Amino acid sequence: MSGSEPMPVPSAADPPRYVRTPTIRFLASIDVDRALARADLAGSIAHAEMLERVGLLTADERAAIVGGLRSIGREIAEGTFAWEPDLEDVHTNIEVALTRRIGPIGGKLHTARSRNDQIALDERLYLRAAVRDLAGALLRIEEILLRRSVEEARTAFAGYTHLQRAQPITLGHHLLAHFWRLDRDLDRLYATARRANVSPLGAGALAGSTLPIDPTGPAARLGFDRPFENSVDAVSDRDPFAELVFDLALLAVHLSSIGEELVLWSSAEFGFIRPTPVLGGGSSLMPQKQNPDVPELVRARAARVVGDLVALLTMLKGLPLAYDRDLQEDKGPTFRAVATTLETLGALAAVLDGIEFDRERIRAAARDPQLLATDAAEALVTRGVPFRRAHEAVGSGTAEVDPAGRAPIPVEPFARRSSPGAPGAIDAQIALARTRLASRAESLSSIARLVAAVDELVEEKGT
Ligand code: ARG
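Residues numbered from 1 in each chain as written. Predicted model: local features only at pLDDT ≥ 70, side-chain atom pairs only at ≥ 80, totals over all residues. Heavy atoms only, no water.

**Student:** So what's going on with the packing of helix α6 (residues 115–151) against helix α10 (residues 239–265)? Which residues, and what values?
**Tutor:** At their nearest, the axes of α6 and α10 sit 10 Å apart, and the two run at 20 degrees to each other. As the angle between them shows, α6 and α10 are arranged roughly parallel. Here α6 and α10 pass one another in a crossing that is left-handed. Of the residues in α10, those in contact with Glu123, Arg124, Tyr126, Leu127, Val131, Leu134 and Leu138 of α6 are Pro240, Phe241, Leu244, Leu248 and Leu251. Per-class residue counts for the contact of α6 with α10 are ten nonpolar, no polar and two charged. (Axes fitted to C-alpha atoms, helices over the stretch in contact; angles between N-to-C directions. Helix = DSSP H or I, 4+ residues; strand = E, 2+ residues; numbered from the N terminus. Parallel < 35°, antiparallel > 145°, perpendicular 65-115°, else oblique. Left-handed = near helix turned anticlockwise from the far one by under 90°. Contact = heavy atoms within 4.5 Å. Nonpolar A, V, L, I, M, F, W, Y, C, P; charged D, E, K, R; others polar.)

Okay, structure coming up:
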């Protein structure tokens, strides 16, 4: 508009126009992004409240909009909402339904907002709820691993390197190694959620607004730590999804390593796990088989999640700043990675909870005297022999594999490895793991509270 001529004011009764193109089915993302409906509604409610506060909506208009959005929310929850693929995405479906329901006032909701800041917001709310669910499932596995580690804290176990028997540990110590790995995965998920807890709402298409909006309002209402710093960054940033899917890819790699060990341990060669139905199914041909199907699929599922990460990063690579339609493709891999991981965690929890260890077979492997070679060399060290020479002497067989010199080999060699973090110090480790689990559960409750507050906003309780 040039400065002097006033812009024609359209009548409030003009119906909104939605462009239909022959490629609408190609453009549409509704089949995927309808999973964001609750987040979208919550964001819209918080946005409408802000518009009222800064004088861009009257109280009545805000009430009509929020009421309409909540009635849409109820229908979506009940499964009666009629999604229209021709309306492209979750945002347009909801906005058009709102305007049909409450009339042209519905057209005021999108004031000072773009689908670009809207989708960025929805994704961050989705991520928060996803981390809540993932953390819950991961905590359950950590609890099971800890319980089984306590049960097997003193079950002598051959520790392996290169898949060769190496040094004496305990089964509990080995299981706890998985516990700490998974605990780092959980910590990464929390850190991802913390970094993502910044509201992009108010960035508009990319340059904010000429209207007197206040991004701090919706940010606080939706439980974010603060609003964005830069409007261009806010609509471009997909780091939250990239981090989330990376966290899940690494978690999947860790789970696949547990899967692999369960497969090995349930083979006749190892025989550490009894062939019970919790491992999976039998063979359709060989009557004697009890296959470790679940651990095998856990091992394989990592392929999917790593693939999702590659798809996401490859889509993001080389994009110029601000919104590009490519970004629409971020949801498929992310939602799939979350769903795959939740399923995998659930199945693995059932297996870890139900497997039966064959302690006799496990102890028999741990009785291999070769496991004590390092102990013998270390016994020579206590008598002043330089470690390199002791190593050589034990290795070449010129020193006996007898860690205590003439004394008999102790029943529980792992117990003498009591340096910090070693199998002989397992009680301290178990105490640490218990404390860690309690603090992780606390962090989960605070994330769950934020998710619940956003749900309540949609369900009217938060009025
Ligand atoms: N469906 C789109 C997505 O998921 C929403 C944003 C569309 N913005 C746009 N300018 N076309 O990314």
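What follows continues from the structure just given.
**Student:** Quick rundown of the site of the ligand? Include the residues and the values.
**Tutor:** Neighbouring residues of the ligand: Ser29, Asp33, Asp89, His91, Arg115, Asn116, Ile119, Tyr323, Arg325, Gln328 and Lys331. One of the side-chain N or O atoms of Asp89 is found 3.1 Å from a nitrogen atom in the ligand. Here an oxygen atom of the ligand and a side-chain polar atom of Lys331 are 2.7 Å apart. Look at the ligand: alone it shows 340 Å² of surface, and the protein chains cover 88% of it. Counting residues per element, the shell around the ligand draws most heavily on α6, at three residues. Counted by class, the shell around the ligand contains two nonpolar, four polar and five charged residues. (Near = heavy atom within 4 Å. Polar contact = N/O pair within 3.5 Å; in protein donor to acceptor, adjacent residues only side chain to side chain. Areas by Shrake-Rupley, 256 points an atom, 1.4 Å probe, with all protein chains shown as cover.)

**Student:** So what's going on with unusual backbone geometry? Residues and values would help.
**Tutor:** Positive phi is not limited to glycine here, since His162 has a value of about 55 degrees. Looking at His162, the relative accessible area reads 75%, which means it is exposed. Of note in this structure, Leu163 is not a glycine but carries a positive phi near 60 degrees. Here Leu163 is to be found in the loop between β1 (156–161) and β2 (164–170). Residue classification places Leu163 among the exposed residues on the basis of a relative accessible area of 52%. (Buried < 20%, exposed > 50% of the residue type's maximum accessible area, 1.4 Å probe, protein only.)

**Student:** Can you tell me about the pattern of salt bridges, naming the residues and giving the values?
**Tutor:** Per the counting criterion, the structure on display carries 37 salt bridges. Between Arg25 and Asp86 there is a salt bridge, with the nearest N and O atoms lying 3.5 Å from each other. Here Asp86 lies in the loop between α4 (59–78) and α5 (90–102) and Arg25 lies in helix α1 (residues 24–27), a separation of 61 residues in the sequence. Arg115 serves as the salt-bridge partner of Glu88, at 3.1 Å between the closest nitrogen and oxygen. You can see Glu88 sitting in the loop between α4 and α5 and its partner Arg115 sitting in helix α6, a full 27 residues away along the chain. Arg115 sits in the partly exposed class, given a relative accessible area of 32%. Salt bridges here are not isolated pairs; linked through shared partners, they connect Glu88, Asp89, Arg115 and Arg325. (Salt bridge = Lys/Arg side-chain N within 4 Å of Asp/Glu carboxyl O.)

**Student:** Tell me about the packing of aromatic side chains, and please be specific about residues and values.
**Tutor:** A complete count under the given rule lists nine aromatic pairs for this structure. On the basis of an interplanar angle of 65 degrees and a centroid distance of 5.6 Å, the ring pair of Phe157 and Phe272 is categorised as edge-to-face. Placement of the pair is Phe157 in strand β1 and Phe272 in the loop between α10 and α11 (293–316), with a sequence separation of 115 residues. For the pair shown, Phe157 and Phe272 are each scored as buried. Relative to Phe270, the ring of Tyr160 lies with its centre 5.8 Å away and its plane at 45 degrees, an arrangement referred to as tilted. Of the two residues, Tyr160 sits in strand β1 while Phe270 sits in the loop between α10 and α11, which places them 110 residues apart along the sequence. (Phe/Tyr/Trp six-rings, centres within 6.5 Å; stacked < 30°, edge-to-face > 60°.)

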